[in-house]
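Summary of the model geometry
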Amino acid sequence: VMSSSSSSLLEMEIFQYIDAHQSDFIKDLKEWVAVESDSVQPHLRKEVMRMMALAADRLAALGATVNLVNLGSHQLPDGQVLPLPSVILGEMGKDPQNPTVCFYGHVDVQPAKKEDGWNTDPYTLTEIDGVHLFIRNLYGRGATDNKGPVLAWINAVETFRALKLAMPVNFKFVIEGMEEAGSLGLEKLLEEENQRFFSDVDYIVISDNLWLSNKKPALIYGSRGNACFFVECGSKDLHSGTFGGIIHEPLLDLIALLDSLVDSTGHIQIPGIYDSVAALTEEERKLYESIEFDLEEHRKNCGVKKFLYGTKEEILLHLWRYPSLSIHGIEGAFHEQGIKTVIPAKVIGKFSIRQVPHMDLSVVKKQVVEHLEGVFSKRNSPNKLKVSMPLGAKPWLADVNNLLYKAARRAIKTVFGEDPDFIRDGSTIPVARMFQTVTQKSVMMLPIGAADDGEHSQNEKISRHNYIEGTKLFAAFFLEISKLH
């Protein structure tokens, strides 16, 4: 084990190299952002393939062994069959004395067009001064989600090689090109490779999220699941002049059902839904107190007049560790401009429940069905009720006291000079849960993007500061995990 002085000299040498090569790292990102690797739109699939080849070449140039695994094809709703992009399985180093860290990232992006409201061309990485003069932002689709973080990790590995330093850990890489379209085929691949590629992996790191604040680093240790529901009421289309007032209208039934789900304070009214939510421990409550979170800034970002809760703790608890229910829409109802005096025959209400640890998907489904059937039976309607759950993703939770989080916390302190916020994500991160369930290894989310990076929206960016300091963070993390392991 290195002494702390030689270890900090080593860090200094690494950080100086990263600072000196900033423009090279930004040039790499510019080249990657220029590829329109949009996995959502079929006509751009060949660009995703080109991006996968580019990423594979970059890893091979590092000296990694790269295997592009063919996942076959998939069929679109319109019958069109498209090839799935290959998944990169890369590895570098096989020292049995070293821990093996597997990095997951994706190089596909969300759709983007200049006319959607971008100030610059989304596929030309553009550097512009931020609101604060000392912050320069790199604007472009994929800059933060997820091309920037993937390159930052690769550049951190590259730094050790360039300085001819011994690799502190063995590296493995899983890089895909379908994350924005639901990671098709990934879970099957993980299951097939579990006894081979993942057999000697100790830790899995994902960097595909953002901090909670614009300035303070964060570590993510949990995310909510998501259960989507369709509730269908129906008979046949009728004219309101001929039948209005004498029949049970499906849309009225549906609105009564949807109205029974949540009250005006945001509380879910389905009996038993909160029964298995994990109790809040004192240790966990303390994590919430120290989190840097500006309610007013968050309110402005959301564009709302007020929140359901008045304190930082209450807001974060209800965003991360309590379930929520949202209503998304009604299919089959007339929704165009003007008026059409039809009584819609069949309407489908769509809502979802973000569920949290210890809530069981099958129990949630049963509770929802029983509740809706109970409300419906009281209406004595002859219409047919059908409740289905087309999609269910489970929540994910990691142990913040394990080695992975300890190493990351130390690395953040080294690079940013402060302890990170320990945060959870209110949305669903299927890939974290997928890796943990399939491989049974420790999984950590180590973001380098700031809260205002605008992933998925117009003017997505990563700041030069976060991109370069994020590269240092990954390098420092390699050293810390090798010390602790």
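Note that the coordinates shown come from a computational prediction; the quantities given were computed from them, not determined experimentally.

**A short note on the overall build of the protein**
Each helix and strand in the protein was counted, giving 14 helices and 20 strands. Taken over C-alpha atoms, the radius of gyration comes to 25 Å for the protein, in line with the 23 Å a tight globule of 485 residues would show. Projected onto the principal axes, the alpha-carbon positions of the protein cover approximately 85 × 50 × 50 Å. Burial analysis of the protein (485 residues in total) assigns 51% to the buried set. Within the protein, counting contacts between residues at least 6 apart in sequence, those at least 24 apart form 79% of the total. When the accessible surface of the protein is split by element, carbon and sulfur atoms take 52% of a total near 22,200 Å². If you average the places of the 51 positive and of the 64 negative side-chain charges in the protein, the two averages end up 2 Å apart.

**A closer look at the nonpolar core**
Counting residues in hydrophobic clusters, the biggest one holds 103 residues, and the most contacted among them are Trp153, Val174, Phe435, Leu446, Tyr467 and Phe477. Among the elements that line this core, the one with the most residues is helix α14 (residues 464–484), at 10 residues. Judged by nonpolar contacts, the second largest core, of 27 residues, contains Ile273, Val347, Leu372 and Phe376.

**Quick word on the packing of aromatic side chains**
In this description, an aromatic ring pair is defined by two values, namely the gap between the centres and the angle between the planes. Considering all chains together, one arrives at 16 aromatic pairs under this definition. On the basis of an interplanar angle of 25° and a centroid distance of 6.4 Å, the ring pair of Phe171 and Phe173 is categorised as stacked. Residue Phe171 is classed as buried on the basis of its relative accessible area of 1%. Phe173 gets classed as buried once you look at its relative accessible area, which sits at 0%. Joined through ring pairs, the aromatic side chains of Phe103, Trp153, Phe160, Phe171, Phe173, Phe474, Phe477 and Phe478 make up one cluster. A cation over a ring is seen here: Lys350 above Phe230, with NZ or CZ 4.8 Å from the ring centre.

**Considering the domain arrangement of the protein**
Considered domain by domain, the protein is made up of domain 1 (1–223 + 395–483) and domain 2 (225–277 + 322–393). The C-alpha centroid of domain 2 is placed 39 Å from the C-alpha centroid of domain 1. The partner domain 2 presents 7 residues to the 7 residues of domain 1 that form the contact. In this assembly, domain 1 and domain 2 are joined by 0 salt bridges. If you look at where domain 1 meets domain 2, you find 2 residue pairs in polar contact (both at pLDDT 80 or more). The residue makeup of the side of domain 1 that touches domain 2, split by class, is 2 nonpolar, 4 polar and 1 charged.

**Notes on the sheet that holds strand β20 (residues 461–463)**
Pairing in this open sheet of 3 strands is antiparallel, and the strands run β6-β7-β20 from one edge to the other. Either end of the sheet is taken by a strand with one partner, and the two such strands are β6 (126–129) and β20. Averaged over all pairs of adjacent strands, the angle between strand axes in this sheet comes to 30°, irrespective of strand direction. The sheet contact formed by β6 and strand β7 (residues 136–139) spans 4 bridges and is antiparallel.

**Thoughts on the state of the cysteines**
Taken as a whole and judged by the stated rule, the model has 0 disulfides. Free of any disulfide, Cys233 has its nearest cysteine sulfur in Cys228, 18 Å distant. Judged by relative accessible area, which is 0%, Cys233 ranks as buried.

**Quick notes on the pattern of salt bridges**
Tallying each qualifying case throughout the model produces 26 salt bridges. Note that Glu193 and Arg196 form a salt bridge whose closest N and O atoms lie 3.2 Å from each other. Under the relative-accessibility criterion, Arg196 is labelled exposed at 54%. Between Lys461 and Asp452 there is a salt bridge, with the nearest N and O atoms lying 2.9 Å from each other. When its relative accessible area of 6% is taken as the criterion, Lys461 is described as buried. By relative accessible area, Asp452 is classed as partly exposed at 41%. Here the salt bridges share partners, and the residues they tie into one network are Glu91, Lys94, Lys172 and Asp200.

**Brief notes about helix α13 (residues 430–439)**
All buried positions along α13 are accounted for by Val431, Ala432, Met434, Phe435, Val438 and Thr439. Seen end-on, α13 carries its buried residues on one side only, within an arc spanning 165°. Buried positions along α13 lie against β5 (100–106), β8 (170–176), α5 (186–193), β9 (203–206), β17 (396–397) and β19 (442–445). Positioned one or two residues after α13, Gln440 has a phi angle of 60°, which is positive.

**Focus: helix α12 (residues 403–416)**
An α-helical turn contains 3.6 residues, so a residue and the one three or four places further along point in the same direction. Under the 1.5 Å per step criterion, the end-to-end length of α12 is 20 Å for 14 residues, consistent within 8% with the ideal 20 Å. All of the buried residues along α12 are Leu404, Tyr405, Ala407, Ala408, Ala411, Ile412, Val415 and Phe416. For α12, the angular spread of buried residues about the axis comes to 160°, placing them on one side. Directly after α12, the chain includes Gly417, whose backbone phi takes a positive value near 75°.

**Considering the UniProt feature "site: Important for catalytic activity" (unreviewed entry) in the protein**
Under the feature "site: Important for catalytic activity" (unreviewed entry), the UniProt entry names His239. By the secondary structure assignment, His239 is in strand β12 (residues 238–239). Once residues lying within four places of it in the same chain are set aside, the contact partners of His239 are Gly244, Thr341 and Ile343.

Definitions and cut-offs
- Residues numbered from 1 in each chain as written.
- Predicted model: local features only at pLDDT ≥ 70, side-chain atom pairs only at ≥ 80, totals over all residues.
- Heavy atoms only, no water.
- Helix = DSSP H or I, 4+ residues; strand = E, 2+ residues; numbered from the N terminus.
- Rg over C-alpha atoms; globule rule 2.2 N^0.38 Å.
- Buried < 20%, exposed > 50% of the residue type's maximum accessible area, 1.4 Å probe, protein only.
- Contact = heavy atoms within 4.5 Å.
- Areas by Shrake-Rupley, 256 points an atom, 1.4 Å probe, with all protein chains shown as cover.
- Lys, Arg positive; Asp, Glu negative; His and termini not counted.
- Charge placed at Lys NZ, Arg CZ, Asp CG, Glu CD.
- Core = buried A, V, L, I, M, F, W, Y, C linked by side-chain atoms within 4.5 Å.
- Phe/Tyr/Trp six-rings, centres within 6.5 Å; stacked < 30°, edge-to-face > 60°.
- Lys NZ or Arg CZ within 6 Å of the ring centre and 35° of its normal.
- Domains from an automatic or database assignment.
- Salt bridge = Lys/Arg side-chain N within 4 Å of Asp/Glu carboxyl O.
- Polar contact = N/O pair within 3.5 Å; in protein donor to acceptor, adjacent residues only side chain to side chain.
- Nonpolar A, V, L, I, M, F, W, Y, C, P; charged D, E, K, R; others polar.
- Pairing = 2+ DSSP bridges.
- Axes fitted to C-alpha atoms, helices over the stretch in contact; angles between N-to-C directions.
- Disulfide = S-S within 2.5 Å.
- Arc of directions from axis to C-beta.
- Expected span 1.5 Å × (residues − 1).
- UniProt positions renumbered as here; feature names shortened; annotations may be inferred.

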